[in-house]
Amino acid sequence: MALTIISLMKQVPLPSEMRMGEDGLMDRTKAKSIINVDCSFALEAGLQLKNENPDAKLIVCSMGPPSFEASLKKAISMGYDEAYLLSDRRLGGSDTYATGLAIATMLKHLGFNKDAKEPFMIVAGRQTSDGDTAHVPSQVAENMEIPQATFIETAEFKEGNIVAKRIIEGGYQMMQLPLPCMLSLTPTGIPPRRPTLKGAIKARESQITIFNIDDVGLTNEKIGLSGSPTIVAKVQNIVSERAPVMMSRGDKERELVENLIANLKSGKNALETVTKKEKKGRKRPDYEVTDFRDGAKGILTWAEVAGKKLTRPSLELLTPARELAEKLGNDTKVTTLLIGHKVKDLAQTLIAHGSDTVIVVEDKRLKEYRVLPFASTFEQVIKKINPEIALFSASTAGRELAPRIGVKTHGGVTADCTALDIGEHIDRKKKTIFSPILESKRPTYGESKLATILGFVCPQISTARAGTFEVPTPNEKREGVVKTFKPTLKDKDFTVEIVETVRGKSGLQNLFEADIIVAGGRPAGEVDGLNLIQELTQALKDQGINAEWAASRPAVDSGYAEYARQIGQTGKTVRPKVYISAAISGAIQHIAGMKESDTIVSIDSNPKASIFQNADFGIVGTYQDVIPELIEQVKGGFTFGIKQK
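Described in the following lines is the structure provided in the data block. It should be emphasised that the depicted structure is a prediction, and the values quoted were computed from it without experimental measurement.

A look at the overall build of the chain
Each helix and strand counted, the chain has 19 helices and 34 strands in total. Compactness check: the chain gives a C-alpha radius of gyration of 25 Å against a globular reference of 26 Å for 645 residues, within 12% of the reference. On the principal axes, the C-alpha backbone points of the chain span a range of 70 × 65 × 55 Å. Among the 645 residues that make up the chain, the fraction classed as buried is 58%. Considering only intrachain contacts with a sequence separation of at least 6, the fraction spanning at least 24 residues in the chain is 72%. Counting 85 positive and 80 negative side-chain charges, the chain places the centres of these two groups 3 Å from one another.

Let's talk about the pattern of salt bridges
Note on pairing: side chains with opposite charge can pair once their charged atoms come close. On inspection of all chains with the given rule, the structure shows 33 salt bridges. With a shortest N-O distance of 2.8 Å, arginine 284 and glutamate 424 are connected by a salt bridge. Within this pair, whereas arginine 284 is found in the loop between helix 8 (253–266) and strand 16 (288–290), its partner glutamate 424 is found in strand 24 (residues 419–427), the two being separated by 140 residues in sequence. With relative accessibility at 45%, the residue arginine 284 sits in the partly exposed group. For glutamate 424, a relative accessible area of 31% translates into the label partly exposed. For arginine 565, the salt bridge goes to glutamate 548, with nearest N and O atoms at 2.9 Å. Of the two residues, arginine 565 sits in the loop between helix 17 (553–557) and strand 32 (578–582) while glutamate 548 sits in strand 31 (residues 547–551), which places them 17 residues apart along the sequence. Among the residues examined, arginine 565 registers a relative accessible area of 6% and is labelled buried.

What to know about the packing of aromatic side chains
Applying the stated rule across the entire model yields eleven aromatic pairs. Each ring, one from tryptophan 302 and one from tyrosine 369, has its centre 5.8 Å from the other, and the planes form 45°; the classification is tilted. Remark: tyrosine 369 occurs in the loop between strand 21 (357–362) and helix 12 (371–385) and tryptophan 302 occurs in strand 17 (residues 299–303); sequence separation between them is 67 residues. Across the pair, exposure class does not vary: tryptophan 302 and tyrosine 369 are buried alike.

Digging into the sheet that holds strand 28 (residues 481–484)
Backbone-to-backbone hydrogen bonds pair the strands of a sheet. The strands run either parallel or antiparallel. The strand order across the open sheet built from seven strands is 23-27-22-17-20-21-28, with neighbouring strands paired in parallel fashion. In this open sheet, the two edge strands, each paired with only one partner strand, are strand 23 (413–417) and strand 28. Mean inter-strand twist for the sheet, computed between neighbouring axes without regard to direction, equals 25°. Where strand 21 and strand 28 come together, four bridges link them in parallel fashion. Bridge assignment links isoleucine 359 to a residue of strand 28, and that residue is lysine 483. Here helix 12 sits on the sheet and contacts strand 17, strand 20 (334–340), strand 21 and strand 22 (389–393); the angle it forms with strand 20, its principal contact strand, is near 150°.

Regarding the pairing of strand 31
Counting buried positions over the five residues of strand 31 gives five, a clear majority of the element. Strand direction decides the pairing type here: strand 30 (residues 516–520) and strand 31, joined by five bridges, are parallel. In the strand pairing of strand 31, glycine 520 is matched with alanine 551.

Some details on the sheet that holds strand 1 (residues 4–8)
Pairing is mixed across the open sheet formed by ten strands, whose spatial order is 13-7-6-1-8-12-9-10-11-29. Either end of the sheet is taken by a strand with one partner, and the two such strands are strand 13 (209–211) and strand 29 (497–503). With direction set aside, neighbouring strand axes in the sheet form an average angle of 25°. Examined bridge by bridge, strand 10 (residues 161–168) and strand 11 (residues 171–178) share eight bridges and lie antiparallel to one another. When the sheet's bridge partners are listed, valine 163 is paired in strand 11 with glutamine 176. In the packing of helix 3 (residues 96–109) onto the sheet, the strands contacted are strand 1, strand 6 (57–63), strand 7 (82–86), strand 8 (120–125) and strand 13, and the crossing angle to strand 6 comes to about 140°.

Comments concerning the pairing of strand 6
For strand 6, the buried fraction is high: six of the seven residues fall into the buried class. Sheet topology note: the strand 1/strand 6 ladder contains five bridges and is parallel. Bridging across to strand 6, isoleucine 5 finds its partner in leucine 58. As paired strands, strand 6 and strand 7 are joined by five bridges and run parallel to one another. If you follow isoleucine 59 over to strand 7, its bridge partner there is glutamate 82. You can see the chain leave strand 6, run along helix 2 (residues 69–78) and come back into strand 7, and the turn it takes is right-handed.

Conventions adopted
- Residues numbered from 1 in each chain as written.
- Predicted model: local features only at pLDDT ≥ 70, side-chain atom pairs only at ≥ 80, totals over all residues.
- Heavy atoms only, no water.
- Helix = DSSP H or I, 4+ residues; strand = E, 2+ residues; numbered from the N terminus.
- Rg over C-alpha atoms; globule rule 2.2 N^0.38 Å.
- Buried < 20%, exposed > 50% of the residue type's maximum accessible area, 1.4 Å probe, protein only.
- Contact = heavy atoms within 4.5 Å.
- Lys, Arg positive; Asp, Glu negative; His and termini not counted.
- Charge placed at Lys NZ, Arg CZ, Asp CG, Glu CD.
- Salt bridge = Lys/Arg side-chain N within 4 Å of Asp/Glu carboxyl O.
- Phe/Tyr/Trp six-rings, centres within 6.5 Å; stacked < 30°, edge-to-face > 60°.
- Pairing = 2+ DSSP bridges.
- Axes fitted to C-alpha atoms, helices over the stretch in contact; angles between N-to-C directions.
- Right-handed = clockwise from strand over helix to strand, strands pointing away.

Given below as structure tokens:
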């Protein structure tokens, strides 16, 4: 039986060409579009799998307007055999929940389902650059009731199974998945190939099969804007809150560094603020208030465990959870679900940090996180306690677990939030006010906009960007309730086998706690593999400073650092006292992960680099010339104003 490899592809607008409409939402109709970067790596992964299995059939599928045909034909020119497009105006405005349902329905229409006689697998990009949710692959997999693995770096077809390497915080996992299955690929794999002349001729002569929702048997109920469980309430521009950068002056590297030291001692520029008159909003209408929660109450969080320890982002979740509980009032409680093997002793730590109740699920089969049994456990707990809100950290696990749970509970998920609040939504069409409602705020469109997302199905599910919220101050005298729960788990929940888990000395934990972080970009990696970055970090440590090193996404994608050290929108968000960047141009995705640092020092050879627009102090110079001078200054006792511990 020949293997069929299905690649999901999306075309995305260029963030620079996005415009905000009069309604406060984004207008993408006039923006140029390209194949989503992560999807291009998935396309290549499919081609690589065909190299190992020459008889395999390659199919590419997409959902969007007819203009997507051009990208689908490009996939054919790369080597794909068939292309299908689900295109219908009624799909417009679909959130990720509705998108996942629509794509899964199209695939089932093509004959691909969990009981298919012919083996198949689905590959997709990790996430799209316009939404950056990483939700759709999980939602497609859940709708098709097949196993999945996300953040995959490499995959091979061996003896009827898929053996994949999955990137996790601090290391990686080797996994074995049965067919059919879903894989979402990171951009750390093999770069996508160029179309061949023969392929281009084939693509020009090929026909793209286009379906509408009636063709695939999809109804209007759960698609489009009206059928989506979440909506974008508003979008606003993200504006830098830093004063203009103070650039170093000098003819030689030593002079530049010495001037930097003098500038640091003199202090940062002050930001001039202008008090603006508040705009008078539209008068709040005298509508009836609707409580859509239908009896749901309380907040549920997930305590992720790695290496027998609670992860820091899991504890961070308890800060917004407690704040939301206080705003909701009415004795709203925070419940935390703790899943693992011999983890009950961690319950008191969660209570000390803010949990009112800890539900403990212990099973030796759950020692390592696996999405299927964990999602099933959550589904059963949610049915039992009926929470109004569920919060997850936006870790590699949380970003695949939350959307699967969302499909199970028929609700949407808001990804990678940097702020959470309780508010209300005025629906002038229905003449009602939905209150109270969770306002989930997240950067989007390449971190250039801040979107407020609302969900109307409980639990309202959101994932929080790691490093965004502070860990609550623990109170060891705080009292809470510890309960045990035994979920009903089936053999099919354990079809994905974790062959090996490797967690190295990644510096993951210390990135959140370091006083100084030294980060390098891809050009620095090309010079020496980020060795000077590490030498500067070590020199600071030798002076008694809590320092750690990190990297930009391009440096990680090029293999110069592991994913756990990646700073940015798709990596970690950090808040050190001093952040030093070298050879990082300043893409807005990177800025998102370090903009909350107290002081930012940037080094780049390009005087017009975007990084200087988000820095306090800057040096125009080459990495290999400036960093050695800084290392010498640190060895002489200079520590960027941070006191030794």
